[in-house]
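Spelled out, the chains give:
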Amino acid sequence: MHNSSRRGFMGKAFGAVAGVGAVGSLVAMKKSWDPLPSVKAAGFTTLDMTIYPEGELITEKWRGKPIFVLKKTAEMIASQTESQKARSVTVGGSEFMIAIGLCTHLGCIPSYNPAEKSFLCACHGGMFNWAGEVTKVPPPRAFDIPPFKIEGNNMILGEVGPEYKAMKDSGITL
Amino acid sequence: MAHFTKATSVKDWLNQRLAIEKVEKVMASEYWIPKNINFLWAMGMILAITFALLLVSGIFLLMYYQPHVDFAFDSVNYTIMREVDFGWLWRHVHGVAASVVFLVIYIHMFTGIYYGSYKKGREMIWISGMLLFVTFSAEAFSGYMLPWGQMSYWAGMVITNIFSLGDLHLDGLVEWIRGDYVPAQAFLTRFFMLHVLLLPLAIMGLIGLHFAALRIPHVNNQDGEEIDFEAESKKYLDGDKAGSKVMRFGNDFLSKDMMVVGVFLIFFFYLVFYNYSFALDPVNFDPADMLKTPAHIYPEWYFLWSYEILRPFSVNIGLIAFGFAQVIFVLLPWLDRSPNVAPANRRGAFSIWFWLLLIDMIVLTAMGKLPPEGIFSTIGLVAALGFIILWVALPFITMNEKKV
Ligand code: FES
């Protein structure tokens, strides 16, 4: 009896030590798979917003993702609905449609058709209008807007400015 | 210490140290196989051989492949295909085997379903087999990433996005899996590790489990007959080979197995030498471009049916349907309520269910390949609903099955 309780104690003590070790190594394994600091540090891009021509879609790159930049024409601004206006970003007096160029369904890059002023996602047939809103499912929501901060005529992607924060709080973007 | 005597032969020397005679008995000469089984039972052996082909060709590819986003594409398409002597052979063998192995897995699976080989006593064989299927799928997907072509990149993008789980928006989880905001170097290297080390190890372990699961309930047979293996094997060992219902695995049954394997290998190497391109997607011969999506994204043929179940619905419902399709097969032993272990053709309604399921999955596969437009979307939707309805109906169909 004496012996077996000693064994029992050793078993439990070993279990406790091994348990601590196992949890510790799981933490290490999880963290090893996190994006590297160098990857995170490269996560900022500055755009000079004065260079964009009106009414033409330009694709920039941020964190390996395409970023759609469309300087709105006067005509577009005039025809904007309330919800489209809420998605609009103003820098240096001009209005822009700015969005992560990945379909909100499964992440393909929709292509822009300048004649129809709309985006078509070839993967599952989703469609968006020039303001970035869904006009045909399956995409569940409008294009996401990348975190941005406005500084003069520049826009810094990856940093959160007050304009972006307001959009996020009002649920315009995720 | 055991008692060792002076060895009379090399075999005896080994036998004293490794018990090779006992091993031979367990593995071959006294491993009993029912006599009434047909060529469909040879699929297991074909799978084992195909896995060996994948392993060997993979080792040769591994020697020249470079898991780096700047060099991966060229190391496959230039170095291995043009510079390495016979490099093309290993790549064709690897690519064709990766595709054909799924064809054989599906035949193996549907043979099991048709003859009721997943029923009472054999559940572990079925479960370990389904785990193997899942691991093979992960292995195939991670391998598909490695040449870093356009389809590799975008398949990686789309499939990892699934882990944000629709409206749950687990973007942090997706970034964690990728190790970056998009598939990039970290992603390529970790999928490389999964493909050449972790998943093959898991597969080998599961193959061991799959075989072990077979030892006690023994292999099923064409009539679903319950055989008393003890009595029958005794008959065989006592000399009544013709009267016994079982035979040795080695070398009696093995000769038949190898015959089927031989036919398979002729077909396989025909594909390798003359028709390898079916296994290599043309889109994947363009290097990965993160700013341009291919016009039409589709997975390899063997994933099309489950992809098509995801596609026709809105995101959340699609994901639920997709998840359903992934796990439902595992539950088959419990969803089939009938106690009959018999071929489907003797089981009435179940036989209709079996053929409907097979046809439905072929339709799903065809629709998954076609662009998601017009009538194809509709057929896809009907087939996806059909798939779900069939599985929900299974317990009710089999509950009232009469005893055969
Ligand atoms: S990824 Fe765009 S519609 Fe599916």
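Everything numeric here is computed off the predicted structure, so don't read it as measured data.

## Topic: the overall build of chain A
Per the secondary structure count, chain A includes five helices and 11 strands. Here the C-alpha radius of gyration of chain A, 25 Å, is well above what a compact globule of 174 residues would show, namely 16 Å. In terms of overall dimensions, chain A has a C-alpha envelope of 90 × 35 × 25 Å along the principal axes. Put simply, chain A has 174 residues, and 43% of those count as buried. Taken as a whole, chain A presents about 9100 Å² of accessible surface, with 61% of it coming from carbon and sulfur. Side-chain charges of chain A comprise 19 positive and 15 negative groups, with the mean position of each set lying 18 Å from the other.

## Things to note about the UniProt feature "domain: Cytochrome b/b6 N-terminal region profile" (unreviewed entry) in chain B
Taking the numbering used here, the UniProt-annotated feature "domain: Cytochrome b/b6 N-terminal region profile" (unreviewed entry) corresponds to residues 10–223 of chain B. The span residues 10–223 of chain B is 72% helical and 1% strand by assignment, and the distance between its end C-alpha atoms comes to 44 Å.

## Comments concerning the domain arrangement of chain B
Residues and elements named next belong to chain B. You can read the domains of chain B as domain 1 (26–291) and domain 2 (298–403). Placing the centre of domain 1 and that of domain 2 at their C-alpha centroids yields a distance of 22 Å. The contact between domain 1 and domain 2 buries some 2900 Å² in all, and 69% of this surface belongs to carbon and sulfur atoms. Three residues stand out in domain 1 for area buried against domain 2, namely Phe110, Tyr114 and Lys119, and they jointly supply 24% of the buried area on that side.

## Overview of the confidence of the model for chain B
When pLDDT is averaged across chain B, the result is 92; 100% of the residues are at 70 or more. Listed scores for the predicted complex are pTM 0.88 and ipTM 0.76.

## With respect to unusual backbone geometry
Omega for the peptide link from Gly250 of chain B to Asn251 of chain B comes to -5 degrees, which places this bond in the cis form. Along the chain, Asn251 of chain B falls in helix 11 (residues 249–274). The phi torsion at Arg63 of chain A lies on the positive side, around 50 degrees, for a residue other than glycine. Counting through the fold element by element, Arg63 of chain A comes out in the loop between strand 2 (57–62) and strand 3 (65–71). If you check the backbone angles, Phe86 of chain B has positive phi at about 65 degrees while not being a glycine. With respect to the helices and strands, Phe86 of chain B occurs in the loop between helix 4 (72–83) and helix 5 (87–115).

Parameters and conventions
- Residues numbered from 1 in each chain as written.
- Chains lettered and ligands numbered in written order.
- Predicted model: local features only at pLDDT ≥ 70, side-chain atom pairs only at ≥ 80, totals over all residues.
- Heavy atoms only, no water.
- Helix = DSSP H or I, 4+ residues; strand = E, 2+ residues; numbered from the N terminus.
- Rg over C-alpha atoms; globule rule 2.2 N^0.38 Å.
- Buried < 20%, exposed > 50% of the residue type's maximum accessible area, 1.4 Å probe, protein only.
- Areas by Shrake-Rupley, 256 points an atom, 1.4 Å probe, with all protein chains shown as cover.
- Lys, Arg positive; Asp, Glu negative; His and termini not counted.
- Charge placed at Lys NZ, Arg CZ, Asp CG, Glu CD.
- UniProt positions renumbered as here; feature names shortened; annotations may be inferred.
- Domains from an automatic or database assignment.
- Buried area = accessible area lost by both parts, 1.4 Å probe.
- pLDDT = per-residue confidence, 0-100.

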